[in-house]
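# Structural characterization, general
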Amino acid sequence: MTAALETIGLEKHFGGIAAVNQLSLAIAKGARHALIGPNGAGKTTVINLLTGVVRPSAGRIVLEGEDITKLDTHKRVQRGLARTFQINQLFLDLTPLETVGLAISERMGSGSHWWRLVGSSPAVTEEIVDILAQFHLSDVMYERTGNLPYGKQRLLEIALAIACRPRVLLLDEPAAGVPDAERHEILATVAALPADVSVLLIEHDMDIVFSFADRISVLVNGALFIDGAPEDVARDPRVKAVYLGESLNHAVEYETGRVG
Amino acid sequence: MLTILFDGIAYGMLLFVLACGLSVTLGVMNFVNLAHGAFAMAGGYITLVLVNRAGVPFFAGLPIAFVATAIIGAVFERTLYVHVYNGTPLDQVLFTIGLVFMSVAAVDYVMGSQQVFIQIPSVLQGRFELFGIGIGRYRLLIIIVCGVLAVALQLILSGTRFGSRLRASVDDARVARGLGIDVNRVFALTFAVGSGLAGLGGALGAEILGLDPTFPLKYMVYFLIVVTVGGTSSITGPFLASLLIGIADVAGKYYVPKFGAFVIYTIMIVLLILRPQGLFARASSR
Amino acid sequence: MEYAFWVAAFTSIFAFGGWLAELSSFFSNRHLILTEIAWLGLFALSLDLILGYAGIISLGHAAFFGLGSYAAALFAKHAIINEPVLALIVSGCIAALLGFATSFLVLRGADLTRLMVTLGIALIMREIANQLPDLTGGADGLQGVTIAPVLGMFAFDIFGHVAYVYCLAVLFLLARRIVYSPFGLSLRAVKGNPLRSSLIGMSINSRLIAIYTLAAFYAGVAGALLAQTTAFASLDVFSFERSADLLLVLIIGGAGYLYGGLIGAVIFKLMQDWIANLTPQYWQFWIGLVLVLIVLIGRERIGLWFAMARSLAARALHSSDKSGASLLREQRNELHHASRWNGDIDHRSEARRSGGDH
């Protein structure tokens, strides 16, 4: 079975340090795959490599059978690979309506049309409204993004990625920084993502990981430490040791019953 | 043909003296000073007034031009330029263009708009033959003076404490400050010297380049070309770039008069396509 | 607010009777200067596309303006294309070709390099025009140009009435289209967050090339308008002073806010007219002074003053509007535009974060 997205021997060196080391990771079609690991393990570097923000020192990246290692970032998005950022990367001056609309018109290839007026395509407008409703953003769609509460911005971050109609979605800590009151909305939308979209989720919160994932990969010092079903990973004593050995802070957290 | 080479070298070295101040300012303070030509013009007109009207000897007029323009530069730097150091490049461009316009109009008002000539002493007039090359006396002076200056600058930069402070500030101003180097003083002094050199160049160049109120606008391109092609991290870069441009311009205008002006622009664009950071620039971390 | 601008502009075409007579005759007597404001506004708009949005400081935007100008003048003089509107479009396209060809140069390199390249291109164009006096009339300018009636029906008159309507119509069509298009939206996105833009599938380089080419087209059209309304073309269309003045126009009105160019054109022309009446020979001094003062006072502060003035005006115009939501939206828009005043490279470099940190 062809994986939706896989890396083969992926490496990234910064100076003399290997941030990512011989990483061979496969995300199955329709998977809910979580990537966890201690701080500094290289998780965000992996995402940056996958999306082309950073070029690998060695190795290959294959998206649905096609080698995308040398492709520019925007071309990867056009081929169905989208991501969200741990810290929101939004267009603060645009409204959610404009933001999602932009992503859709880019996808449809009409982003460079300077002679047509925005809103002149009913198909696009309809899709915008659908997506905004799906992400509970309908009531704020005319607001300037920079003025929205953080939880809504986070929802927009995910909505923006979905508007690209990705086949593979990379979520970087979707609930990070979101106040408790708004977390459930985020988690509900993540859980409700279409089944045919393959999702790679980076998370620190183990509750989310275990409730969401059907497969977990543990990344330590840039290399794949363990890769398997959630139950197996949860039971593996080495995983706890890795998190425990990380720092005193983590040890304290462990003592109080939380891992990571 | 060697005469052309000689003339081209003279022109190039003149350009170097004129432009090196701009190069250092850009390299040290990351500041795009489009008004640099105005200081050159100031030096030229100061010398004009001293030599033509006050009877000061030409050879004394040159160092006075240097000092006077340096002082003007220091004053402007402390009172005006300092406000724009932290501005965006756009701000700096607008500000210095504004200064150019003001200076051009002001000089036009005070001195009139016609081209002026500084009375050069008779010992510098005419040319003599050496190995079949026509050596213009005035151009010889330029080569000597500018050559000495270039060497002196290089020695100062590499041999003195001020030079090493300057190079440290160019490399990384924050770290330099952390080492106790008074970066602001370094900047002010550098700006003053750069302006002074421009003034000297303006005085020297009046005979060859022509001096009128539109000088800063006419020659701004040339200075910018020198800086862009030669880079901002050394003395040798702009020096070689100036020579290249000087020779190319003179040769171009002689051999292909219809397209003489194009030679410079074309070379510049070609070079910038191939090497956007200039021929001699280091890859800097800025 | 925007509607008020266009309403005022279009009604100034007509002469009204009664109590409006004096106001309208004031405007119709000044159609010549209003025409200049119209094409200058278009020219400034074209610069805003690359300066306010792509963050490219260009000292040579006059290259496209001048090319469009000479093209239109030559089309008319040699009767290659007689109808002005057609000649306008073709001249714009020629300028766009130059823009496309040089866009690759401008994408590379740092600010200083781009400054140099843009300046160099304009100077080369000027030199080319200078070196072909048989074609361009050289330093004297291109004489003997006669412009045929617009659309075969409206002949240009010496009071500039036809010219004004013509320019205004062109300006209106081109300006509004770009502002409210998906393209305009994507420009704002690229300026605001280039990283995110590439991650929704936008090819930033090709978008920038498109902006530059389009900006060249608009500038060429503006130049053609100048040539057609004055029946003349001369070397100063390529001059550095023209590019520098244009920067000033845009800065006065506000970059990154597409109407800023139009507002700046109005203010600049009025200012120029007033100063030229006082000191015709040395007005360059005062322009320089204005530039220096603007920078020293700070463009953001001036932008905020403008924003306040705009929202006050908007409130006055909307005072009868019962819908609070639309008023709120209007006010929000004014503040957005003010905060986008500083349409600079800063935004792009700040936005260059790679997000997330483990």
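Residues numbered from 1 in each chain as written. Chains lettered and ligands numbered in written order. Predicted model: local features only at pLDDT ≥ 70, side-chain atom pairs only at ≥ 80, totals over all residues.

## Focus: the overall build of chain C
In terms of helices and strands, chain C carries 17 helices and zero strands. Counting across all 358 residues of chain C, residues that qualify as buried make up 53%. Considering only contacts in chain C between residues 6 or more positions apart, those separated by 24 or more positions represent 77%. (Helix = DSSP H or I, 4+ residues; strand = E, 2+ residues; numbered from the N terminus. Buried ≥ 20, exposed ≤ 12 C-beta atoms within 10 Å, placed from the backbone. Contact = placed C-beta atoms within 7 Å.)

## Details of unusual backbone geometry
Its identity is not glycine, yet Arg165 of chain A carries a phi of approximately 45°, on the positive side. Along the polypeptide, Arg165 of chain A turns up in the loop between α5 (150–163) and β7 (168–172).

## Looking at the sheet that holds strand β4 (residues 58–63) of chain A
Residue and element names in this part refer to chain A. Here four strands make up an open sheet; going across it, the order is β2-β1-β4-β5 and the pairing antiparallel. Only two strands of the sheet have a single neighbouring strand rather than two, namely β2 (17–27) and β5 (66–67). One ladder, built from seven bridges, connects strand β1 (residues 5–14) with β2; its direction is antiparallel. Paired with Lys12 across the bridge in β2 is Val20. Its contacts with the sheet place helix α1 (residues 43–51) against β1, β2 and β4, and it is angled at close to 65° to β2. (Pairing = 2+ DSSP bridges. Axes fitted to C-alpha atoms, helices over the stretch in contact; angles between N-to-C directions.)

## Examining the confidence of the model for chain C
Residue and element names in this part refer to chain C. Looking at chain C as a whole, its pLDDT mean stands at 75, while 73% of the residues score no less than 70. Of all the helices and strands in chain C, helix α17 (residues 345–350) carries the lowest mean pLDDT, 33, while helix α4 (residues 62–77) carries the highest, 90. Contacts of residues 319–328 to residues separated by more than four positions or lying in other chains number three contacts, the stretch itself having pLDDT below 50. Below pLDDT 50 for its whole length, residues 334–358 participates in 63 contacts with residues either more than four positions away or in separate chains. Of the two predicted TM-score estimates for the complex, the pTM is 0.78 and the ipTM is 0.80. (pLDDT = per-residue confidence, 0-100.)

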